[in-house]
Each structure stands twice: as structure tokens, then as C-alpha cells.
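Architecture at a glance
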Amino acid sequence: MEAPILIVEDERNLRRVLAAVLAAEGFATSEAESAEAALESIRQQPPALILTDQRLPGRSGTDLLRQVKSTYPEIPVIITTAYGEIEHAVDAIKAGAEHYLTKPVDEGELIALLRQVLGQRGRVLPPLRQEPRRHGLIGVSRAIETLLEVIDLVAPAPSNVLITGESGTGKELVARALHDASPRAGQPFVAFNCGAIPLELVESEIFGFERGAFTGATRSQAGKLEMAASGTLFLDEVGDMPLPMQVKLLRALQEREFTRLGTHQALPLQARIVAATHIDLAQAVNDGRFREDLYYRLNVIPLHIPPLRERRADIAPLVRHFLAKISADIGRSPPIAISSDALAALEAYDWPGNIRQLENLLERMIVLSRGPEIRRQDLPAELLGKAGSDGGPASPFDLPSLERQTVLSALEKTRFNQSQAAVLLGISRKQLRTKMKNLGLLGDHDNDDDLGDGD
Ligand SMILES: Nc1ncnc2c1ncn2[C@@H]1O[C@H](COP(=O)(O)OP(=O)(O)OP(=O)(O)O)[C@@H](O)[C@H]1O
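Keep in mind that this is a model prediction, so the values were computed, not measured.

A few points about the overall build of the chain
Each helix and strand counted, the chain has 18 helices and 16 strands in total. A total of 455 residues make up the chain; the buried ones form 36% of that total. Of the contacts made within the chain by residues no fewer than 6 positions apart, 68% connect residues no fewer than 24 positions apart.

Let's talk about the packing of helix 13 (residues 315–329) against helix 15 (residues 354–368)
Across the interface, helix 13 lies against helix 15 with an axial gap of 10 Å and an inter-helix angle of 45 degrees. With respect to helix 15, the axis of helix 13 lies oblique. In this structure, helix 13 crosses over helix 15, and the sense of that crossing is right-handed. In this structure, helix 13 uses Leu-318, Val-319, Phe-322, Leu-323, Ile-326 and Ser-327 to contact helix 15, whose residues at the interface are Ile-355, Leu-358, Glu-359, Leu-362, Glu-363 and Ile-366.

Here we look at the site of the ligand
Taken together, 18 residues sit near the ligand, with Ile-138, Ser-167, Gly-170, Lys-171 and Glu-172 positioned nearest. Of all the secondary structure elements, the ones that give two or more residues to the shell around the ligand are helix 7 (171–180) and helix 15. Its residues assigned to classes, the shell around the ligand comprises five nonpolar, seven polar and six charged. Both domains that meet at the shell around the ligand, namely domain 2 (132–306) and domain 3 (309–399), each give it at least three residues.

Concerning the nonpolar core
In terms of nonpolar packing, the biggest core is built from 53 residues, with Ile-163, Val-174, Leu-233 and Phe-234 touching the most fellow members. Both domains that furnish three or more residues to this core are identified here as domain 2 (132–306) and domain 4 (403–452). Look past the residues within four positions of Leu-233 in its chain and what remains in contact with it is Val-190, Phe-192, Lys-224, Leu-225, Ala-228, Ala-271 and Ile-273. In terms of nonpolar packing, the next biggest core, distinct from the first, is built from 31 residues, Leu-6, Phe-27, Ala-38 and Ile-42 among them.

Thoughts on the UniProt feature "modified residue: 4-aspartylphosphate" (unreviewed entry) in the chain
UniProt's feature table lists "modified residue: 4-aspartylphosphate" (unreviewed entry) at Asp-53, given in the numbering used throughout. Locating Asp-53 in the fold gives a position in strand 3 (residues 49–53). Judged by local crowding, Asp-53 falls into the buried class, with 24 C-beta atoms found within 10 Å.

Quick word on the sheet that holds strand 5 (residues 99–103)
Judged by pairing direction, the sheet is parallel, and its five strands sit side by side in the order 2-1-3-4-5 without closing on themselves. Single-partner strands in this sheet number two, and they are strand 2 (29–32) and strand 5. Mean inter-strand twist for the sheet, computed between neighbouring axes without regard to direction, equals 20 degrees. Sheet strands touched by helix 4 (residues 86–94): strand 4 (77–82) and strand 5. Its angle to strand 4, the strand with the most contacts, is close to 165 degrees.

With respect to the pairing of strand 2
Along a regular strand, successive side chains alternate from one face of the sheet to the other. Taken together, the four bridges between strand 1 (residues 5–8) and strand 2 define a ladder with parallel strand orientation. What sits directly across from Leu-6, in strand 2, is Ser-30. At this point the chain moves from strand 1, through helix 1 (residues 12–24), to the parallel strand 2, and the crossover so formed is right-handed.

Things to note about helix 7
Summarising burial for helix 7: eight of the ten residues are buried, a large majority. Where helix 7 is concerned, the buried positions are Lys-171, Glu-172, Val-174, Ala-175, Arg-176, Ala-177, Leu-178 and His-179. Looking at the buried residues of helix 7, the elements they touch are helix 6 (142–154), strand 6 (161–164), strand 7 (189–193), strand 10 (232–236), strand 13 (272–277) and strand 14 (301–304).

Rules behind the numbers
Residues numbered from 1 in each chain as written. Predicted model: local features only at pLDDT ≥ 70, side-chain atom pairs only at ≥ 80, totals over all residues. Helix = DSSP H or I, 4+ residues; strand = E, 2+ residues; numbered from the N terminus. Buried ≥ 20, exposed ≤ 12 C-beta atoms within 10 Å, placed from the backbone. Contact = placed C-beta atoms within 7 Å. Axes fitted to C-alpha atoms, helices over the stretch in contact; angles between N-to-C directions. Parallel < 35°, antiparallel > 145°, perpendicular 65-115°, else oblique. Left-handed = near helix turned anticlockwise from the far one by under 90°. Near = placed C-beta within 6 Å. Nonpolar A, V, L, I, M, F, W, Y, C, P; charged D, E, K, R; others polar. Domains from an automatic or database assignment. Core = buried A, V, L, I, M, F, W, Y, C linked by C-beta atoms within 7 Å. UniProt positions renumbered as here; feature names shortened; annotations may be inferred. Pairing = 2+ DSSP bridges. Right-handed = clockwise from strand over helix to strand, strands pointing away.

Okay, structure coming up:
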């Protein structure tokens, strides 16, 4: 589950209001009424971000900030100060706060700032609020319209769904949409990438384990199935699930119960399973790499998302959506525009990495661009086809993008767990951190110890 935003505020009503505002925007929250309570809460569950009032009983918000920065330097902190106490805000920024907000806090400003700070750290952000029926899925193509209709149709059913589509086509987004449109919306949505980690870990991650179940199991832990409760368990890259684990998952689905490793006590399986794969699972069944019986269990309702090149009508609305969203996330106002010939080039390109590639490219261009709009000549050569690669001046966006995208995508797939991302990339965690540093994905103050991992 996503790490929460920790709200530290001694005024109970204000704290509850802030929590409600953030929850309505889709953020998980936790609360503390003092610096001491906050430190305890951080020890138990490191938050994605801390939003703390400067004025607290006992130790101040700035004291809390200093303490957090010395032990958990990667956790961003936003301080709220009373109007007229700007000197506290200055102290806080000097002590390492990412930002400050003056009270009364403007809700829109707070949300925009949170999205910006968390987005910069690569956190998964809740989708921007959209008209309800579109579930955050941008697009005007027939394919998207059909997808939306099917989502509304199948969301209420308990049946398992198998989402297929190339990498970056929006499988996880669709899985979340299915969850949000279902009666399970109030329950957790838990995502798990089956391809990211070795067999022993897949099993303990999905089923959980009891203390002493294996060497190193120093405490009991609930698995993803248990965490999903009556919500949705999203099994990404299910085609990569090791065969022995497929057998165990099948048994759990058939018997509607499972056990944590190291115990015989059965727990009921209540979650809906939404699985996704970018490989041809039917082919994997033929090749003996995927169990046929499990395939049928998961594929009760198949949902296919076509690649972007087969629905080019969606490119322009997606570009407009990302230009506005990314500009807002990085605090760029007015949002950056795009020239019509640049847009035409984007519409003509084949997008092997689909929407994720489009989103990443636009982000890079917005961050690096100084002008008011993205022009055709700013686009990377590979996007302009042969005409672009004629030895003209190198585009400023032609950075070592492939490596960056590979690293980012591994991190995204593992929800920013660096150890798992390193396994995925086949390099050591240390090598990964060096790469991240070189690619500007790690701040200078990011520690080299184990605290660097995401949730
Ligand atoms: N129709 C859409 N409208 C808006 N954003 C989209 C759409 N489709 C995908 N995206 C965005 O594109 C990015 C990639 O989507 P997502 O992670 O869901 O893809 P995926 O198919 O699960 O990828 P992978 O197979 O690599 O895990 C996300 O940031 C997602 O929000």
C-alpha cells in the first residue's frame, strides 16, 4: 500500500479537516498531535511526506524537522506557519524543509504542492480528479470508449479479470479504475509485481509469513492477499510468476483460502484478483511456462488495451492532459504549450513504450524547456524519423534517455523499492544507486543505507 502523508497538528479539528481533504484527493494519511507522537509514528511506518505545523506543544515543528532530516533524510517535510511568522518558515527551509505554507492553508495550493513534491520523488500519485465515469482514462478513440463501457459493466462483478496490453498502455490504471468503480472501492487496492522478485519472496509477499517461518523471518507479516482484504489484488506481470507459485495461487483461488508461510491456519480469500500481463499468456500456456488451469481462473473476463499506435486519436488529448498536469506538478504557470507541427510529429510516431513513454518524454521536455512551447525542432531525433537524424544540432532532450527510462521503469514496477528494482535490472543495489545518482534520480542528501527504499 502507498506510504501515507503524516499530518502533525495539535489542533484536533484542523488535523481532521486536513486528513479529510487529503483523503478526498486519494492520498493515504496518518496523524499525530505532537512531535513525539510523530516520531513514534514514523518509526512504525515511514510516511511518504510529513506535513507539520511549526507551533506544536513541546518540541516545535522545526525541531521535528531537524530530527527527521538526521535519521530519514529522504522523507520530504512541509511546514505550516502562522501568517506573520515568516521567520520560522525561513528557519525551517534552512533546516531542510522542502516548502512552507502559511495558515490558513489553501486546499488547492496544498494539493498542488503535495503532488509536486511527491511527484518529484517518483511517488505514485492518486489520479487527478476527473469526471467520475472516465476513471482518469484520457482518450477519445473508440478503443477507449469501449474500454470505459466494459469497465462499468464488469466492475460490480466479483469475477477475476485479466488485462492484457503492451508495457505502458495503462493496465494498472485500468485495474485501479475497475476497483474504484466496484463496490470494493472502500477497501484496499493492493498492487504486486510478480516479475520483480525471486520465488521465495513472491510466496512470502503474497501469502505473508509467521515469525520463524524461514531464516530471517524475525517477525510475522501479512501478505498482499491479506492486505487486500475484500478489496482488489492487482497481480502485475502475472506471466512472470514462477511455476511453483502458480500452483499455490491456483489452490488458493480454488479453495478460496490461503495460509501464511509457517502456519496451518487458513485465512479466507476475499479479494478480487485483477491480473495483468504484457506477454501472450495463451502462448505461454502452449510453451508450458504458464499453467492452463490458472490461466482460465484468471481470464474469466479478458480486457485488452490496444497499443497507442493503434489509437492515434488519443495522442493529442493525452499530450494536452500531460502538458497541463506536469506543468502543474512542477509549478510551471502558465502551462507549457506545443506547436502544431510538434504535435503532428508525436501523432505520427509509433510509441513502442506507449503512454508511459509519451508521459516521460513530455516530462523531460517540460523540465528542460525554457520557452513557452515545445517546438518540432526540440523533439528527439528518433521521433522525427529519418528527416530528424541528419546530423543537425543535437536536441537538448536527446539525453541518455534510454538508460534513464529503463531505470525509472524498473523503479516504477517495484514501487521504488531499490533492492527489487536492482534484481529486475540484474545489477547490484549499489550499482543501481550509482546509476540513480548519475541520472539525477537521487538527491545528494539521500543516504546510502537501507532507508533509501520506498514503501
Ligand atoms: N488513457 C490514459 N489516460 C491517462 N493516463 C494514462 C492512460 N493510460 C496510461 N496512462 C498513464 O501512463 C502511465 C503508464 O500506465 P500504467 O502503469 O497503468 O501501464 P501498464 O500497462 O501497467 O505498464 P507496465 O506493463 O509497464 O506495468 C501511467 O502514468 C498512467 O497513469
